[in-house]
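Listed below, chain by chain, are the residues.
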Amino acid sequence: MLDQVKLLKKLDFERVSGTEGERKARQILCKELDRLGVAWQPQAFRLRTSTTGQASLRIGKDHFIVQPFGLCGDQKLSGPLHFVESLDVLHYSPGKCDGGIVAFFDSTLPLREVKRQNKLLALVRIGNPDRPATSLNQPQKEFPGVTSIPMVSIAYEDAERLKRLSGKPAELTVTQEVFEAEAVNIVATIPGTAPDRSL
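Let me begin by describing the structure that accompanies this report. Every value quoted in this text rests on a predicted model; they were computed, and no experiment measured them.

### Description of the pairing of strand β4 (residues 75-86)
Thought 1: Inspection of the sheet shows β4 paired to strand β8 (residues 169-175) by six bridges, in the antiparallel sense. Bridged to Q75 within β8 is V174.
Thought 2: As defined by bridge partners, β4 adjoins strand β5 (residues 101-106) across five bridges and the pair is classed as parallel. Bridge pairing in β5 places H82 opposite V102.

As structure tokens, then:
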């Protein structure tokens, strides 16, 4: 019998593909599949990934600790800070914040479209209330023909102070290693025991 809550508690750590965290999670899952008598096989693939890294955003005397998303690499960028409620603004008014660092709450559009239509230095996503700044559940993806730009997450509690600084010169510093690695999917097979009557 699978105790899903117990298993999720065991997996409550960073599990970025191609890192030691992923290997540790894979060992836990495979051990559980073996215990249940479920056949499995590894499926390896190569990818570009990164360490968690560290980042900071400085605007005059104000300093914010921010969390970099994946695939940022080492960066030191300077440009005006632009605060928008939603990145949709940049879809309907492309070029409005070109050359700037844009802080935003949300977007109903894919980020790749915003990146394709605008020439931004970086994006700062404002996190959810009462939670620390994190980027672990939303790694960046690279798309052919779309310029990759640094993206960080900032705590919701800092957003009000950040909003008042819109239009001022900002400096974003990111320290993060980007590298090629091997990641592994686990493919498990559970044979059926009876015909599917729902078809």
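### Points about the nonpolar core
Thought 1: Counting residues in each nonpolar core, the largest one holds 22 residues, and the members touching the most others are L57 and L162.
Thought 2: Of all the elements in the fold, those that place two or more residues in this core are β2 (54-59), β3 (62-68), β4, β5, β6 (122-126), β7 (151-154), α5 (159-163) and β8.
Thought 3: Core analysis: the next-biggest nonpolar cluster, separate from the first, contains 12 residues, V84, L90, C97 and I149 among them.

### Comments concerning the environment of L8
Thought 1: Tracing the chain through its elements places L8 in helix α1 (residues 4-10).
Thought 2: On the basis of relative accessibility, which here comes to 60%, the residue L8 falls in the exposed class.
Thought 3: For the pair L8 and F64, spaced 56 residues apart in the sequence, the C-alpha separation amounts to 32 Å.

### Here's the deal with the sheet that holds β7
Thought 1: As summarised here, the arrangement of the seven strands in space is β2-β3-β7-β6-β5-β4-β8, forming a closed barrel in which the pairing is mixed. In this sheet, adjacent strand axes meet at a mean angle of 40° when their direction is disregarded.

### Describing the packing of aromatic side chains
Thought 1: Across all of its chains, the model carries two aromatic pairs by this definition.
Thought 2: Measuring from ring centre to ring centre gives 5.8 Å for F83 and F105, while their planes differ by 85°; the resulting arrangement is edge-to-face. With F83 in strand β4 and F105 in strand β5, this residue pair connects regions lying 22 residues apart in the sequence.
Thought 3: Its relative accessible area of 15% is what places F83 among the buried residues.
Thought 4: Ring geometry for F105 against Y156: centres 6.0 Å apart, planes inclined by 55°, an arrangement best described as tilted. Of this pair, F105 sits in strand β5 while Y156 sits in the loop between β7 and α5, placing them 51 residues apart in sequence.
Thought 5: Each member of the aromatic cluster is reached from another via a ring pair, and the members are F83, F105 and Y156.

### Let's talk about the side chain of T19
Thought 1: For T19, the location among the structural elements is in the loop between α1 and α2 (20-36).
Thought 2: By relative accessible area, which is 16% here, T19 ends up buried.
Thought 3: Those residues within four positions of T19 in sequence are excluded, and the remaining contacts are S50 and F179.

Conventions and cut-offs
Just so you know, the residues in each chain are numbered from 1, in the order the chain's sequence is written. The model is predicted, so local features are restricted to residues of pLDDT at least 70 and side-chain atom pairs to those at 80 or more, both for listing and for counting; the totals for chains, interfaces and linings are taken over all residues. Note: side-chain values were computed over all heavy atoms of the structure, leaving out hydrogens and water. Strands pair, by our definition, only if DSSP identifies at least two bridges between them. Counting from the N terminus, the helices are DSSP H or I runs at least four residues long and the strands are E runs at least two residues long. What is meant by a nonpolar core is a set of buried Ala, Val, Leu, Ile, Met, Phe, Trp, Tyr and Cys residues, joined one to another through side-chain atoms within 4.5 Å. Each residue is assigned to one of three classes by its accessible area relative to the maximum for its type, calculated with a 1.4 Å probe on protein chains only: buried under 20%, partly exposed between the two thresholds, exposed over 50%. The axes used here are C-alpha line fits, helices contributing only the stretch in contact, and every angle between their N-to-C directions lies in the interval 0 to 180 degrees. Here a Phe, Tyr or Trp ring, Trp counted by its six-membered ring, pairs with any other such ring whose centre lies within 6.5 Å, and the pair is stacked when the planes are under 30 degrees apart, edge-to-face when over 60, and tilted otherwise. In this description, contact between two residues means that some pair of their heavy atoms is separated by no more than 4.5 Å.

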